[in-house]
Amino acid sequence: MYKVGIVGYGTIGKRVADAVMRQKDMQLIGITARKHNYRVEIAKKKGIDIYAMDDITELCEHGIKIKGSLRNLLSQIDVVVDCTPKEIARKNKEEHYDTYPNLKAIYQGGEKADMGQSFVAQCNYKEAIGKKNIRVVSCNTTGLTRTLHAIHQKWPILRVRATLIRRATDPGQTKRGPVNAIVPCLELPSHHGPDVRTVLPDVEVFTTAVVVPTTLMHMHNLSVDLKEHKVTREEVMEVLRNTRRVKIVRKELGVNSTAEIMEYAKDLGNFRGDMTDICIWEKGVGVHGKEIFFMQAVHQESDVVPENIDAIRAAMGFLDGEESMNMTDKALMKPNGDNPIRD
Ligand SMILES: NC(=O)c1ccc[n+]([C@@H]2O[C@H](COP(=O)([O-])OP(=O)(O)OC[C@H]3O[C@@H](n4cnc5c(N)ncnc54)[C@H](OP(=O)(O)O)[C@@H]3O)[C@@H](O)[C@H]2O)c1
C-alpha cells in the first residue's frame with residue numbers, strides 16, 4: 001500500500017484525495033488545512049485525517065480535530081502530492097520535502113519545469129519511474145500532449161500551431177475574471193508550447209492564448225503539419241478514437257459546446273461529474289494534404305487527476321505504466337456514491 005499525503009485541498013487537491021481513496025494500492029493518510037472552510041468540513045465528513053499547516057486555533061474553534069502538523073504527516077507517508085497554488089510548492093519542497101530522503105513528491109503544473117520530471121502518463125511514464133520529484137504538467141499541457149503524442153507516434157509531426165481559448169477561472173472561484181472581455185495573452189509563444197516540449201521534446205509547437213469569460217472548460221484549436229504523410233480524415237479519426245483518455249464527441253449526440261460536455265459528464269454519472277478525458281468534436285476534425293485540424297475541450301479541474309495517480313505509482317517504482325493507467329481509469333470509472341462519506 002502506498003501511503004499518500006496531500007498538501008493543499010483546493011480544486012485539484014480535493015479531487016486527487018478522492019481519487020487516491022478509490023485506488024486499491026493506495027492509502028490516503030491525510031490532507032493539510034490552513035483555515036476553516038466548507039472543503040475542510042467535507043474532508044472531516046469523509047473521515048479524512050486533517051493536519052495543520054500552521055496555526056490550528058481557528059480550525060479547532062470550528063470543531064475540526066487536528067491529527068498533527070505537516071511534519072507529522074510527512075513522517076508517515078511515502079508520497080506527498082502538493083496541490084498548493086503556483087510557486088508555494090517550491091517553498092514547501094525546499095523547507096520540508098527535501099529534508100526527507102525517502103519521501104517522493106508530486107507537484108502540479110503551476111510550478112516551473114525545474115521542480116521535477118514533467119509527466120503525462122501515456123507519453124512518458126517510463127521516464128518518471130523511481131524519480132523523487134515529478135511535476136504533473138498543467139491541464140492545458142496535459143490536453144495538448146495526449147493528442148499530439150498519439151499523432152506523432154503514428155505520423156511524425158513537422159510543426160504544430162495551436163490557439164488556446166482559456167477559461168477565466170474555475171467554477172467555484174469568485175475573485176477572478178474577466179467578466180466581460182476577451183484578454184489576449186501577450187506572450188509569444190504562450191507558455192504552453194514550451195511546456196509541451198518538456199514532455200514531447202521533439203515536437204515543434206507554437207501556441208497563442210486568449211482568456212474568455214467562462215468557467216467550464218478550455219478549448220484548443222489545433223493545426224498539425226505532418227513531416228511526410230498525407231492522411232485521410234478516417235485515418236486521423238481512427239488514431240484519435242484509439243487514444244487513451246481522449247473522447248470523441250460524436251455528432252449525433254448534439255453536444256455542441258463546453259457547457260453541454262460538462263452536462264454530459266454529469267449525466268453519464270462520471271466521478272464527481274468531471275470529464276477527465278480530452279474531448280474532440282468529431283465534426284471538427286479535418287484534413288488538408290499533410291495538415292490535420294481539430295478542436296478539443298479540456299476540463300481544467302480534472303484531466304490532471306488520473307495523471308497524479310499514475311505519477312504516485314511511477315514515483316514509487318511501479319514499472320508497468322499501462323497497468324497503472326488501467327488501474328487508475330478503472331477505479332475512477334466507478335459510479336459516484338462510492339466515496340466513504342460519514343455523515
Ligand atoms: N484549478 C485548475 O484548473 C488547475 C488545473 C491544473 C493544474 N492546476 C495547478 O494545481 C495547483 C493547485 O491549483 P488549485 O486550482 O487546486 O488551487 P486552489 O483551488 O486555490 O487550492 C489551493 C489549496 O492550497 C492551499 N494553500 C494555499 N496557500 C497555501 C500555503 N501557503 N501552504 C499550504 N497550503 C496552501 C489552499 O488552502 P485554503 O483553502 O486555506 O486557501 C487550498 O486548499 C497549481 O499549481 C495550479 O496551477 C490547477
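Residues numbered from 1 in each chain as written. Predicted model: local features only at pLDDT ≥ 70, side-chain atom pairs only at ≥ 80, totals over all residues.

1. Some points on the sheet that holds strand β1 (residues 2–7)
Point 1. Ordered by their spatial adjacency, 8 strands build an open sheet running β4-β3-β2-β1-β5-β6-β8-β7, and the pairing between neighbours is parallel. The open sheet is flanked by β4 (66–69) and β7 (117–119), the only strands paired with a single partner. Between one strand axis and the next, the sheet turns by 30° as a mean value, whatever way the strands run.
Point 2. Pairing between strand β5 (residues 79–82) and strand β6 (residues 104–107): 3 bridges, direction parallel. Within β6, the residue paired with V80 across the bridge is A105.
Point 3. Together, β7 and β8 (133–136) form the strand contacts of helix α6 (residues 121–128), whose direction differs from that of β7 by roughly 150°. (Pairing = 2+ DSSP bridges. Helix = DSSP H or I, 4+ residues; strand = E, 2+ residues; numbered from the N terminus. Axes fitted to C-alpha atoms, helices over the stretch in contact; angles between N-to-C directions. Contact = placed C-beta atoms within 7 Å.)

2. Structural notes on the environment of H36
Point 1. Residue placement: H36 occurs in the loop between β2 (26–33) and α2 (38–45).
Point 2. C-beta crowding within 10 Å serves as the criterion here: with 15 such atoms nearby, H36 is assigned to the partly exposed category.
Point 3. The spatial distance from the C-alpha of H36 to the C-alpha of L59 is 5.2 Å, given a sequence separation of 23 residues.
Point 4. Setting aside residues no more than four positions away along its own chain, H36 makes contact with E58, L59, H62 and I64. (Buried ≥ 20, exposed ≤ 12 C-beta atoms within 10 Å, placed from the backbone.)

3. Here's the deal with the nonpolar core
Point 1. Counting 92 residues, the largest nonpolar core has V4, I6, V16, V81, I106, A311 and I312 as its most contacted members.
Point 2. Per-element accounting of this core gives the leading share, 6 residues, to helix α11 (residues 305–315).
Point 3. Lining this core are residues from two domains, each supplying at least three of them: domain 1 (2–137 + 304–333) and domain 2 (139–298).
Point 4. Not counting chain neighbours up to four residues away, the residues in contact with A311 comprise I106, F119, A128, I134 and V136. (Core = buried A, V, L, I, M, F, W, Y, C linked by C-beta atoms within 7 Å. Domains from an automatic or database assignment.)

4. Points about the site of the ligand
Point 1. Among the 26 residues in the neighbourhood of the ligand, the closest are listed as G8, G10, Q108, G110 and Q300.
Point 2. With 3 residues, the single largest contributor to the shell around the ligand is helix α1 (residues 11–21). (Near = placed C-beta within 6 Å.)

5. Some details on the domain arrangement of the protein chain
Point 1. Taken domain by domain, the protein chain comprises domain 1 (2–137 + 304–333) and domain 2 (139–298).
Point 2. Computed over C-alpha atoms only, the centres of domain 1 and domain 2 are separated by 26 Å.
Point 3. Listed by partner, the interface residues are 17 residues for domain 1 and 17 residues for domain 2.
Point 4. Those elements that provide at least two residues to the side of domain 1 that touches domain 2 are α1, α6, α11 and α12 (321–333).
Point 5. Partitioned by chemical class, the residues of the side of domain 1 that touches domain 2 number 9 nonpolar, 5 polar and 3 charged. (Nonpolar A, V, L, I, M, F, W, Y, C, P; charged D, E, K, R; others polar.)

6. Examining α6
Point 1. Buried within α6 are the following residues: A121, Q122, C123, Y125 and A128.
Point 2. Those residues of α6 that are buried are in contact with β7, β8, α7 (139–154), α11 and α12.
Point 3. Remark: G130 follows α6 within two positions and exhibits a positive phi of approximately 80°.

7. Some details on the packing of α6 against α12
Point 1. Packing of α6 against α12 brings their axes to within 9 Å, and their N-to-C directions diverge by 125°. Our classification of the angle between α6 and α12 gives oblique. For the element pair α6 and α12, the recorded crossing hand is right-handed. On α12, the residues touching A121, Q122, Y125 and K126 of α6 are G321, S324 and M325.
Point 2. Counted by class, the contact of α6 with α12 contains 3 nonpolar, 3 polar and 1 charged residues. (Parallel < 35°, antiparallel > 145°, perpendicular 65-115°, else oblique. Left-handed = near helix turned anticlockwise from the far one by under 90°.)

8. Notes on the environment of V210
Point 1. With respect to the secondary-structure elements, V210 resides in strand β11 (residues 205–212).
Point 2. Its 14 C-beta neighbours within 10 Å are what place V210 among the partly exposed residues.
Point 3. Separated by 45 residues in the primary sequence, V210 and I165 place their C-alpha atoms 5.2 Å from one another.

9. Observations concerning the packing of α11 against α12
Point 1. Contact geometry of α11 with α12 gives a least axis separation of 9 Å together with a crossing angle of 140°. Viewed along their axes, α11 and α12 adopt a mutual orientation that is oblique. Seen along the crossing, α11 lies across α12 with a hand that is right-handed. Facing α11, whose interface residues are P306, I309, D310 and R313, α12 presents S324, M325, T328, D329 and L332.

10. Remarks on the confidence of the model for the protein chain
Point 1. Chain-level statistics for the protein chain give a pLDDT mean of 95 and a share of 97% at 70 or above.
Point 2. Within the model, the stretch residues 337–343 combines pLDDT values under 50 with 12 contacts to residues more than four positions away or in other chains. (pLDDT = per-residue confidence, 0-100.)

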